[in-house]
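Chain residues, written in single-letter form:
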Amino acid sequence: MNPYPLELRQRIVAAVDQQSHTIEEIAALFGVSERYVYQLLKLRRETGDLSPLPHGGGAIAKLDEPKLLQLAELVAEFPDATLEELRELLRRRCRLSVSVNTVWRGLQQIDFTLKKSRAGRAKPVRKSEPLSAKNK
């Protein structure tokens, strides 16, 4: 979700500074929560500014650039490998333990696509009685 525009933030704080309405009324007037109004006041008190803070970060990707290249090499070496098999190969060769979903996202990052044959998967062939035996 994107942060609220700076102009809206300034208008909310200006309305609080005028003290003509309660914070609950101001929040309803601008279509924000009371908590957000209090967060804006805290932000102004601590930083002296109302501009949004930068993104706080996130989880570090396990499949960085070198690991993605190794994944691409594994796919080139084993083109028919399943996601589970690729995960196991990454664990053995790269000493990297990841989930099947992480392998899938890694393949998407390096633009690998699924290839489906027109005939689909080969069906197992059953040994049946010869036709002459069935007709009798």
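Our subject is the structure listed above.
Residues numbered from 1 in each chain as written. Predicted model: local features only at pLDDT ≥ 70, side-chain atom pairs only at ≥ 80, totals over all residues. Heavy atoms only, no water.

Engineer: Please give an account of the overall build of the chain that cites residues and values.
Structural biologist: When helices and strands are tallied, the chain shows seven helices and zero strands. When the helices and strands of the chain are placed in sequence order, the string is α-α-α-α-α-α-α. Burial analysis of the chain (136 residues in total) assigns 24% to the buried set. For the chain, contacts bridging at least 24 residues in sequence account for 48% of all contacts bridging at least 6. Total accessible area on the chain stands at roughly 11,400 Å², and carbon and sulfur atoms take up 51% of it. (Helix = DSSP H or I, 4+ residues; strand = E, 2+ residues; numbered from the N terminus. Buried < 20%, exposed > 50% of the residue type's maximum accessible area, 1.4 Å probe, protein only. Contact = heavy atoms within 4.5 Å. Areas by Shrake-Rupley, 256 points an atom, 1.4 Å probe, with all protein chains shown as cover.)

Engineer: Could you give me a rundown of the pattern of salt bridges, with the residues and numbers involved?
Structural biologist: This model, assessed by the stated rule, comprises five salt bridges. For aspartate 17, the salt bridge identified is with arginine 44, shortest N-O distance 2.7 Å. Of the two residues, aspartate 17 is situated in helix α1 (residues 6-18) and arginine 44 in helix α3 (residues 34-47); the sequence distance between them amounts to 27 residues. With relative accessibility at 44%, the residue aspartate 17 sits in the partly exposed group. With a relative accessible area of 31%, arginine 44 lands in the partly exposed category. The residue glutamate 88 makes a salt bridge to arginine 92 at a minimum N-O spacing of 3.3 Å. Taken together, the residues glutamate 88 and arginine 92, both in helix α5 (residues 83-94) and four residues apart, mark about one turn of the helix. For glutamate 88, a relative accessible area of 23% puts it in the partly exposed group. (Salt bridge = Lys/Arg side-chain N within 4 Å of Asp/Glu carboxyl O.)

Engineer: Account for the packing of α5 against helix α6 (residues 100-109), naming residues and giving values.
Structural biologist: Between α5 and α6, the shortest axis-to-axis distance is 9 Å and the interhelical angle comes to 95 degrees. The orientation of α5 relative to α6 falls into the category roughly perpendicular. The residues of α6 that touch α5, namely those facing Leu83, Glu84, Leu86, Arg87 and Leu90, are Val100, Val103, Trp104 and Leu107. Tallied by class, residues from the contact of α5 with α6 come to seven nonpolar, no polar and two charged. (Axes fitted to C-alpha atoms, helices over the stretch in contact; angles between N-to-C directions. Parallel < 35°, antiparallel > 145°, perpendicular 65-115°, else oblique. Nonpolar A, V, L, I, M, F, W, Y, C, P; charged D, E, K, R; others polar.)

Engineer: Break down the environment of isoleucine 12 for me, citing the residues and quoting the values.
Structural biologist: Tracing the backbone shows isoleucine 12 in helix α1. Sequence separation of isoleucine 12 and isoleucine 26 is 14 residues, and the distance between their C-alpha atoms is 7.1 Å. With residues near it in sequence (within four places) discarded, isoleucine 12 still touches Ile26, Phe30, Val32, Tyr36, Val37 and Leu40.

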